[in-house]
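Observations on the three-dimensional arrangement
Residue strings, one per chain:
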Amino acid sequence: MIKTDFIKELAAKANITEEQASQVNEILEAHHIIGKKSKEAVIAEISEKLGFDAQTAENISNAASELIAGNLRNKLLHPLGGNDEDK
């Protein structure tokens, strides 16, 4: 997934602006994806930098994680570029 596509999809899925989604992307890139402590750090940083309450920050983090996991799943199932959504 191209970074700009990820940002657009995250903005739509999490109901935030593309600028906010871009900031979330930068936060995600600065942390490890896997691990409870990493997730807590991401949520805390989203809350702090974007001014969201902890629950909203967690929802945004979850939306980003779902997009990343979905993209990884598609890459594993369709390594040559096709995916189920094209059919």
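First things first, this report covers the structure right here in the doc. Just so it is clear, the model here is predicted, and its values are computed rather than measured.

Broken down by element type, the chain carries four helices and zero strands. For the chain, buried positions account for 31% of its 87 residues. For the chain, restricting intrachain contacts to residue pairs at least 6 apart in sequence, the fraction spanning at least 24 positions comes to 36%. Counting only carbon and sulfur atoms, one obtains 52% of the accessible surface of the chain, whose full area is about 6000 Å².

As a further point, take the packing of helix α1 (residues 3–14) against helix α2 (residues 18–30). It is at 8 Å that the axes of α1 and α2 come closest, and there the two elements cross at 115°. In this structure, the crossing between α1 and α2 has a hand that is right-handed. Here α1 contributes K3, F6, I7, K8, L10 and A11 to the contact with α2, which in turn contributes E18, A21, S22, V24, N25, L28 and E29.

For the rest of this paragraph, the subject is the environment of H31. Mapped onto the fold, H31 is located in the loop between α2 and α3 (36–50). Taking the C-alpha atoms as reference points, H31 and A41, ten residues apart in sequence, are found 7.9 Å from one another. Ignoring any residue separated from it by four or fewer positions in sequence, one finds H31 in contact with A41, V42 and E45. At a separation of 2.7 Å, a polar atom in the side chain of H31 contacts the side chain of E45.

Let us look at α2. Taking 1.5 Å per residue as the helical rise, α2 with its 13 residues ought to reach 18 Å, and the 18 Å between its terminal C-alpha atoms agrees with that figure. All buried positions along α2 are accounted for by A21, V24, N25, I27 and L28. Taken down its axis, α2 places every buried residue within 160° of arc, on the same side. Facing away from the buried side of α2 by over 90 degrees, the exposed positions are E19, E26, E29 and A30.

Criteria and thresholds
- Residues numbered from 1 in each chain as written.
- Predicted model: local features only at pLDDT ≥ 70, side-chain atom pairs only at ≥ 80, totals over all residues.
- Heavy atoms only, no water.
- Helix = DSSP H or I, 4+ residues; strand = E, 2+ residues; numbered from the N terminus.
- Buried < 20%, exposed > 50% of the residue type's maximum accessible area, 1.4 Å probe, protein only.
- Contact = heavy atoms within 4.5 Å.
- Areas by Shrake-Rupley, 256 points an atom, 1.4 Å probe, with all protein chains shown as cover.
- Axes fitted to C-alpha atoms, helices over the stretch in contact; angles between N-to-C directions.
- Left-handed = near helix turned anticlockwise from the far one by under 90°.
- Polar contact = N/O pair within 3.5 Å; in protein donor to acceptor, adjacent residues only side chain to side chain.
- Expected span 1.5 Å × (residues − 1).
- Arc of directions from axis to C-beta.

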